[in-house]
Amino acid sequence: MRYVRHELWRRWSRTLVTALGLAAGVGLVMGIVGVSNGLSNAQNKVLSPLSSVGTDIVVERTVGVASTSSSTSTTTTTTAPGGFGGGRAGGGGGGGFFGAASGSTSQNASDEAALANNNSSVLTDLSKLGAPGTQFTYDFFVTGTLITFPQAAVADVAKIKGVQTAVPALSLQALHESGTVPTITDTVTTGGQTITKAVAPPPLTAAQEDAVRACLQASGAFGTTTTTAPGSTTATTAPAGAGGTRGSGGGGGFGGAAFGAAFTKCLPASYQQYEAQVVVPEQTITRVLNPPTTNTETKSYTVAGVDPKNSSSGLITKAQLVSGTWFTSAPADEILVSTAYASTNSIKVGQTLTIDKTNYKVVGLVNPTLTGDVSDIYFDLATLQSNATQANRINEVLVKVGKSADVNTVAAAIKKELPGATVLTSKQLAGQVTGSLSNAKKLASDLGVALGFIILAAALLIAALLTMSSIAKRVREIGTLRAIGWSRSRVVGQIMTEMLGIGIIGAALGVLVGLGVCLAVNTFGPTLAYSTTGVVVGASSASGLVHAAAAASSVGKTVKLHTSISALTVIGAAVIAILGGLVAGLAGAWRAARLSPVSALRDLG
Amino acid sequence: MDDDAAAVALDTPPLYRLRGVERHYMKGASEVAAVSGVDLDIASGGFVCIEGPSGSGKSTLLQLLGALDTPTAGTIQMEDQELGSAGDHVLTEIRSKRIGFVFQHFNLIPTLSAVENVALAMAPHHGSRAEGDERAKELLIRVGLGHRLDHLPSRLSGGEQQRVAIARALANRPDVIVADEPTGNLDSESAAEVLSLLVELQQRDGVTVIVATHDPEVAQLASRRISLRDGAVVEDSSHQSPQHAPRHVKAGEGALVEDDSHQSPQRASSAKHVEEASDRNPSADGQPTG
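Read on for an overview of the structure. None of the values given here were measured: they were computed from a predicted structure. (Residues numbered from 1 in each chain as written. Chains lettered and ligands numbered in written order. Predicted model: local features only at pLDDT ≥ 70, side-chain atom pairs only at ≥ 80, totals over all residues. Heavy atoms only, no water.)

## Considerations on the overall build of chain A
Thought 1: Scanning chain A from N- to C-terminus turns up 20 helices and 19 strands.
Thought 2: Counting all 605 residues of chain A, 43% fall into the buried class.
Thought 3: Sequence-distant contacts in chain A: of pairs separated by 6 or more residues, those separated by 24 or more amount to 86%.
Thought 4: Accessible surface computed for chain A: about 29500 Å², of which carbon and sulfur atoms make up 62%. (Helix = DSSP H or I, 4+ residues; strand = E, 2+ residues; numbered from the N terminus. Buried < 20%, exposed > 50% of the residue type's maximum accessible area, 1.4 Å probe, protein only. Contact = heavy atoms within 4.5 Å. Areas by Shrake-Rupley, 256 points an atom, 1.4 Å probe, with all protein chains shown as cover.)

Written as structure tokens, this is what we have:
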């Protein structure tokens, strides 16, 4: 033992090099394990909201494009009538969806109809907001991509065997609009002008001429008979020349003023008045301006209605409460706010928020969660239903299954019970986590294992080679030990003990190296991005349909990689280092055991 | 003492009895006989010198006598134990208990102090470390290194190192000390010290000393000189030489001290050894040259 100690101590450089070889290997493996664990933790952290609330299955309804895309694209045209039928059925149910299961295509059609129906409330006539110039603040609630369905579905799900709890939830996208009611009409006054127009009357007919003549004669405009007026012959021979007649009349000027008065009197009515004035009636026209120009600002956020009585399961649970309290027994004017939304908007517990002209008290802050429950504000379900004019309608059922083994069976049963429903299990949700996190996790698990083995093998090889070389240098020494009476087993024991010592030193250093690697990763390590898809309200293009300003809230998030080293890992690493030392020692001992005592007489060098 | 030793020698079988010993090595494709056809009896208690030029096989013979190696053919009887066919365990046991080997290059463990090096030889035997250290110290004091107990070999002179090596060889109270060129790496003064130490061991403690050497000084001290050439014994003579036994050691009896007067007068006490040698080892005498 003393020999071992002295060997190790006085040949410290060799000891250190060999131990460092082992330490480097073990340390790196520890680092890999730490990173891998860290990634696992990160992934668990991402998914933990779902698992922590104990939700095994989420039942919801989205536009089923993704799941039936291929059949839809090829059959839409041919089955269009069916699609209409489905649409009608959906409409008949007030957008309800459970009765509209007539094939995926019709399902899609009805889905889209229902979605449009659900989101229609936002198409608001601004004129209804008040007199122009008044300030308005409104909150509109739209369903985004998650179509609502009757709350009765909860009871249907709850009846399914194996379901422990089924909790309703209504996740909505909210648009908060504020601004001044715009001047949306203007007035135009028209009419009142006088219009003058020249009219050319038609020539006198023969009958009218005769009548005029007779009239004139009767009125005694002529002083004598026709014998004294030769021109009258002309007049009779030219009946069509009215001018002539008038000329004759003019010629009859010698008839004096009495003639003029008689002539005027004898003309037909249409000649007596041949000029008219038209006065257009004055009127005022009020016209709608389109589009109105306003200073309206729109902010979008997400809201959810949860069952206040269910504090242990559902979208949000009491366990996720960070500060404040859960809904009280009178939850109608109470809200819970996610910590993220609270911090960006400086909302504190006890504060009052005005939403859609109603004051709500923030009773608590809850930890933001990711899958299916990203809402910023949580209402009492009934309150939100009434605000969003979605009475007795929900768009999510969160199901907790009694036994985890039953999850798939129950999911299948729900699908059967509620045709057209999207049934997501937590495992599927986990699969929807994508991005660098899942890539890194995969990398760490696939490459990490291989890398770990390679590094360990390299470390062992290095240690073994160093040991072999050390034995080669100690041939004479080992021969001497044999020559002075040491047995083979004692020599082997000596070398193994030395390597055990090196292994222990390597273990200690390796653990330090490993912890150092992990610390370095924690300090300088990457931030991992991840995103979830498909289950988050407002995440799809449907929100663009709703309002251009209501940009879909990004669901891509990041999580800091934090390595995790357990005591077990440390112990495992230490054991590996020590075993590595012993394996290397075996290589050296095997060599040493074969040395003859005669080696003691070998020449130096 | 000499008489006693001689008497013992007469009544008991020789320490070594070699018959037809061959030791061949493979050198490339051809087989080389380092030792061939050696018949030899070596009595207990003598100071035997094995001479011969390089390559004569004296080192190989010494390795066989030191139980470091086994012969290719023939038998080596060490009293009642046949070494030629013995297994590693037996040889290890014999090396440990009956033989002390001294090397030309001292072969001390460089990482261990003088005491630790000596105690190392006692490690295979039961006994506490304290006991081992205690005996190691006694032995080192006996070889005149009481002031160097905790020095590492690198801090000792060649002569001191070789004395540590001799103390190590004595650790388990061996019957025989087998030394391969023990003075080969030493200056003459250190060599003289080491030689007188070996002589004292032989004379005072009755330890058989077998030395392979070039050194004529050593040869002169020997009670018996065996000359090898090409692996065979060419000459085997018991010394009548008046100088062969260093008497001066007697003066310092009880404490082997550094003593540079090894050329002092001698005794002719080995007559019986000679007799014994010639009686028991006729074949050695008759060994043909070559």
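## Concerning the overall build of chain B
Thought 1: When you go through chain B residue by residue, the secondary structure sums to eleven helices and ten strands.
Thought 2: Relative to its full complement of 290 residues, chain B shows a buried share of 58%.
Thought 3: Within chain B, contacts between residues at least 6 apart in sequence are counted, and of these 70% link residues at least 24 apart.
Thought 4: Accessible area for chain B stands at about 11400 Å²; split by element, carbon and sulfur atoms hold 48% of it.

## Describing the packing of helix H17 (residues 475-483) of chain A against helix H18 (residues 488-524) of chain A
Each pair of packed helices can be described by the angle between their axes along with the distance between the axes.
All names here are of chain A.
Thought 1: Contact pair H17 / H18: the axes reach a minimum separation of 9 Å and the direction vectors enclose 140 degrees. Taken together, the axes of H17 and H18 lie oblique to each other. Considering only the axes of H17 and H18, their crossing is right-handed. Contacts between H17 and H18 involve Ile478, Leu481 and Arg482 from the first element and Arg488, Val491 and Ile495 from the second. (Axes fitted to C-alpha atoms, helices over the stretch in contact; angles between N-to-C directions. Parallel < 35°, antiparallel > 145°, perpendicular 65-115°, else oblique. Left-handed = near helix turned anticlockwise from the far one by under 90°.)

## Side note on unusual backbone geometry
Residue and element names in this part refer to chain B.
Thought 1: Positive phi values are uncommon outside glycine, yet Asn107 reaches one of about 55 degrees.
Thought 2: The topology assignment puts Asn107 in the loop between strand E6 (99-102) and helix H4 (114-122).
Thought 3: Since its relative accessible area comes to 3%, Asn107 is described here as buried.
Thought 4: Residues other than glycine seldom take positive phi values, yet Glu181 does so here, at roughly 45 degrees.
Thought 5: Assignment of secondary structure puts Glu181 in the loop between strand E7 (176-180) and helix H7 (188-205).
Thought 6: Judged by its relative accessible area of 9%, Glu181 falls in the buried class.

## Looking at the sheet that holds strand E8 (residues 208-212) of chain B
Residue and element names in this part refer to chain B.
Thought 1: Strand order in this open sheet of six strands is E6-E7-E8-E3-E9-E10, and the pairing throughout is mixed. Two strands bound the open sheet, and with one partner strand each, they are E6 and strand E10 (232-238). Ignoring strand direction, the axes of neighbouring strands in this sheet form an average angle of 15 degrees.
Thought 2: The pairing of strand E3 (residues 47-51) with E8 spans four bridges and is parallel. Of the residues in E8, the one forming a bridge with Val48 is Ile210.
Thought 3: Against the sheet, helix H6 (residues 158-170) engages E6 and E7, with an angle of about 165 degrees to E6. (Pairing = 2+ DSSP bridges.)

## Considerations on the sheet that holds strand E4 (residues 73-78) of chain B
Residue and element names in this part refer to chain B.
Thought 1: With antiparallel pairing, four strands are arranged side by side in an open sheet as E2-E1-E4-E5. In the strand order of this sheet, the two ends are held by strand E2 (30-42) and strand E5 (81-82), each with one partner.
Thought 2: Summarising the sheet, strand E1 (residues 16-27) and E2 pair through nine bridges and their orientation is antiparallel. When the bridges of E2 are listed, Val21 appears paired with Val38.
Thought 3: Against the sheet, helix H2 (residues 58-65) touches E1, E2 and E4, its axis set at about 125 degrees to E1.

## Brief notes about the packing of aromatic side chains
Centre-to-centre distance and the angle between the planes together describe a pair of aromatic rings.
Residue and element names in this part refer to chain A.
Thought 1: Applying the stated criterion across every chain yields a total of five aromatic pairs over all chains.
Thought 2: On the numbers, 6.3 Å between centres and 85 degrees between planes, the contact of Phe141 with Phe379 is edge-to-face. Here Phe141 is found in strand E2 (residues 135-142), whereas its partner Phe379 is found in strand E14 (residues 377-380), with 238 residues between them in sequence.
Thought 3: Exposure remark for Phe379: the relative accessible area of 0% places this residue in the buried category.
Thought 4: For the pair Tyr360 and Phe379, a centre-to-centre distance of 5.1 Å together with 85 degrees between the ring planes defines the contact as edge-to-face. In this pair, Tyr360 is assigned in strand E13 (residues 358-366) and Phe379 in strand E14, connecting sequence segments 19 residues apart. For the pair formed by Tyr360 and Phe379, the shared burial category is buried.
Thought 5: What links up through ring pairs into an aromatic cluster is the set Phe141, Tyr360 and Phe379. (Phe/Tyr/Trp six-rings, centres within 6.5 Å; stacked < 30°, edge-to-face > 60°.)

## Points about the pattern of salt bridges
Oppositely charged side chains can form a pair if their charged atoms are brought close together.
Thought 1: One pass over the full model with this rule turns up 23 salt bridges over all chains.
Thought 2: Close ionic contact of Arg225 of chain B with Glu51 of chain B constitutes a salt bridge, the shortest N to O distance being 2.9 Å. With Arg225 of chain B in strand E9 (residues 224-229) and Glu51 of chain B in strand E3, this pair connects stretches of sequence that are 174 residues apart.
Thought 3: On the basis of relative accessible area, Arg225 of chain B is assigned to the partly exposed category, the value being 23%.
Thought 4: Where salt bridges share partners, they join Arg14, Arg474, Glu477 and Glu498 of chain A into one cluster. (Salt bridge = Lys/Arg side-chain N within 4 Å of Asp/Glu carboxyl O.)

## A short note on the nonpolar core
Thought 1: Judged by nonpolar contacts, the single largest core of 58 residues is most densely connected at Val118, Leu140 and Leu198 of chain B.
Thought 2: Residues within four places of Leu198 of chain B in sequence aside, it is in contact with Phe47, Ile166, Ile177, Pro182, Val209 and Val211 of chain B.
Thought 3: One finds Ala174, Ala388, Val397 and Val407 of chain A within the second-largest nonpolar core, a separate group that totals 41 residues. (Core = buried A, V, L, I, M, F, W, Y, C linked by side-chain atoms within 4.5 Å.)

## Details of the side chain of Glu396 of chain A
Residues and elements named next belong to chain A.
Thought 1: Assignment of secondary structure puts Glu396 in strand E16 (residues 396-401).
Thought 2: Arg393 is the oppositely charged side chain nearest to the buried, salt-bridge-free Glu396, at an N-O distance of 14 Å.
Thought 3: Among the polar contacts listed, one links the side chain of Glu396 to the side chain of Ser171, at a separation of 2.6 Å. (Lys, Arg positive; Asp, Glu negative; His and termini not counted. Polar contact = N/O pair within 3.5 Å; in protein donor to acceptor, adjacent residues only side chain to side chain.)

## As for the interface of chain A and chain B
Thought 1: Across the boundary between the two partners, chain A contributes 26 residues, which contact 27 residues of chain B.
Thought 2: Interface of chain A and chain B: buried area, both sides summed, is about 2400 Å²; carbon and sulfur atoms make up 58% of it.
Thought 3: When residues of chain A are sorted by the area they lose upon contact with chain B, Arg2, Ile484 and Leu601 of chain A head the list and together hold 28% of the total.
Thought 4: Summed over the shared surface of chain A and chain B, the number is two salt bridges.
Thought 5: We note a salt bridge from Arg488 of chain A to Asp88 of chain B, for which the minimum N-O separation is 3.8 Å.
Thought 6: On the surface where chain A and chain B come into contact, there are eight residue pairs in polar contact (both at pLDDT 80 or more).
Thought 7: Elements represented by at least two residues in the side of chain A that touches chain B include exactly helix H1 (2-10), H17 and H18 of chain A. (Buried area = accessible area lost by both parts, 1.4 Å probe.)

## Notes on H7 of chain B
Residues and elements named next belong to chain B.
Thought 1: For H7, with 18 residues, the first-to-last C-alpha span of 25 Å sits near the 26 Å given by 1.5 Å per residue.
Thought 2: With respect to burial, H7 is a largely interior element, 14 of its 18 residues being buried.
Thought 3: Where H7 begins, the capping side chain belongs to Asp187, and its oxygen is found 3.1 Å from the backbone nitrogen of Glu189.
Thought 4: Following H7 by one or two positions, Gly206 has its phi on the positive side, about 70 degrees. (Expected span 1.5 Å × (residues − 1).)

## So, the pairing of strand E4 (residues 163-180) of chain A
All names here are of chain A.
Thought 1: Counting buried residues in E4 gives 15 out of 18 residues, a clear majority hidden from the surface.
Thought 2: Of the pairings in the sheet, the one linking E2 to E4 comprises eight bridges and is antiparallel in character. Each bridged residue has a counterpart across the sheet, and for Asp139 the counterpart in E4 is His176.
Thought 3: Pairing between E4 and E16: six bridges, direction antiparallel. Looking at the pairing, Val167 lines up with Leu398 of E16.
Thought 4: Bridge analysis of E4 against strand E9 (residues 297-306) gives ten bridges, and the strand direction is antiparallel.

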